[in-house]
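# Architecture at a glance
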Amino acid sequence: MALEHALLVALCEQPASGLDLTKRFGRSIGFFWSATHQQIYRVLGRMDGDGWVSVEAVAQEGRPDKKVYAVTELGRAALADWLAQPTDTQSLRSELAVKMRAASFGDREAVLDVVRANLADHHVRLDHYEQLMKRDYPDPTTLTGLPLDQYLVLRGGVLMEQTWITWLTEYLEAHQ
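Reference entry: report on the structure contained in this document. (Residues numbered from 1 in each chain as written. Predicted model: local features only at pLDDT ≥ 70, side-chain atom pairs only at ≥ 80, totals over all residues. Heavy atoms only, no water.)

## With respect to the pattern of salt bridges
Convention followed: Here a salt bridge means any side-chain nitrogen of Lys or Arg lying within 4 Å of a carboxyl oxygen belonging to Asp or Glu.
Tallying each qualifying case throughout the model produces seven salt bridges. Put simply, Glu 109 and Arg 116 hold a salt bridge, and the shortest N to O gap is 3.2 Å. The network of salt bridges with common partners includes Glu 109, Asp 113 and Arg 116.

## Section: a nonpolar patch on the surface
Operational definition: Here a patch means residues that are over 30% exposed by relative accessible area and free of salt bridges, tied together within 9 Å if like-charged and within 5 Å if nonpolar (Val, Leu, Ile, Met, Phe, Trp, Tyr). For the accessible areas, the method is Shrake-Rupley and the probe is 1.4 Å, while residue cover comes only from the protein chains on display. For the purposes of this entry, the term helix denotes a DSSP run of H or I that reaches at least four residues, the term strand denotes a run of E that reaches at least two, and both are numbered from the N terminus.
Together, Phe 32, Val 153 and Met 160 make up a nonpolar patch on the protein surface, roughly 260 Å² of accessible area in all. Its location among the elements puts Val 153 in helix H7 (residues 145-174).

## Concerning the packing of helix H5 (residues 95-102) against helix H6 (residues 108-136)
For the record, the criterion: Interaxial angle, 0 to 180 degrees, is taken between N-to-C directions of lines fitted to C-alpha atoms, where a helix line uses only the stretch in contact. Crossing handedness is read from the near helix: turned anticlockwise from the far helix by less than a right angle, it gives a left-handed crossing, and turned clockwise, a right-handed one. We call two residues in contact when some of their heavy atoms are within 4.5 Å.
Look at H5 against H6: their axes get within 10 Å of each other, and the N-to-C directions meet at 145°. By crossing handedness, the relation of H5 to H6 is classed as left-handed. Contact with H5, carried on its side by Leu 96, Lys 99 and Met 100, involves Val 111, Val 114, Val 115 and Asn 118 of H6 and no other residues of that element.

## Looking at the pairing of strand S3 (residues 63-71)
Quick reminder of the rule: If DSSP finds at least two bridges between two strands, the strands pair.
Relative to S3, strand S1 (residues 16-17) runs antiparallel, the two being bridged by two bridges. Bridged to Ala 16 within S3 is Tyr 69. In terms of strand pairing, strand S2 (residues 53-60) meets S3 through seven bridges, oriented antiparallel. Each residue of the ladder has a partner; that of Glu 56, found in S3, is Val 68.

## Let's talk about the packing of aromatic side chains
Worth spelling out the cut-off: The criterion for an aromatic pair is that two Phe, Tyr or Trp rings (for Trp, the six-membered ring) have centres within 6.5 Å, with stacked assigned to planes under 30 degrees apart, edge-to-face to planes over 60 apart and tilted to the rest. Burial status follows relative accessibility: with a 1.4 Å probe on protein chains alone, a residue under 20% of its type maximum counts as buried, one over 50% as exposed, and anything between as partly exposed.
The tally for this structure, following the rule as stated, stands at two aromatic pairs. Here Tyr 137 and Tyr 151 contribute two aromatic rings whose centre-to-centre distance is 5.6 Å and whose plane-to-plane angle is 65°, an arrangement assigned as edge-to-face. With Tyr 137 in the loop between H6 and H7 and Tyr 151 in helix H7, the pair connects residues that are 14 residues apart, well separated along the chain. Side by side, Tyr 137 and Tyr 151 carry an identical accessibility label, which is buried. Between the aromatic rings of Trp 164 and Trp 167, the centroid separation amounts to 5.2 Å while the plane-to-plane angle is 40°, which identifies the pairing as tilted. With Trp 164 and Trp 167 both in helix H7 and three residues apart, this pair spans about one turn of that helix. Accessibility expressed as a relative area gives 31% for Trp 167, which makes it partly exposed.

Here's what the structure looks like:
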């Protein structure tokens with residue numbers, strides 16, 4: 001997947017400026033696909049040049065015009081083509097897992113500290129995801145279409161965090 005596809009998804013959900021996209025990445029898509037502010041602007045420029053997005057200048061009081069991007073038909077076709085392509089199974093590529101495996105060859109206590117710190121981060125993420133679920137999807141049984149897809153991706157994030165928490169807790173308990 002390229003950043004272009006993540007941006008197309010975000011812009012299909014709602015047209016936005018580059019700054020708005022950066023903020024949205026920090027709150028939603030960024031949990032699954034990260035990008036810097038500079039990367040987003042660079043890719044938006046390329047997508048504009050390719051005809052995948054249109055740009056509308058929106059006047060702002062006391063500030064330069066804001067560029068708001070929206071997906072064009074060509075962009076929707078590119079997204080549809082990408083959606084239809086097979087996706088490789090995601091493999092776990094984790095520096096933490098390699099450190100856990102190698103703990104016997106170095107300072108185990110230092111590795112356990114790294115595991116503890118990661119476990120704390122996963123607890124924070126899980127709490128955040130669960131708060132989003134309660135706030136945005138109080139009754140998921142009523143969802144269809146885009147809201148259902150958004151909920152199910154968030155649900156996947158919850159399950160991944162729960163798995164990390166279970167795995168890291170098991171590792172720490174085994175080394176007490």
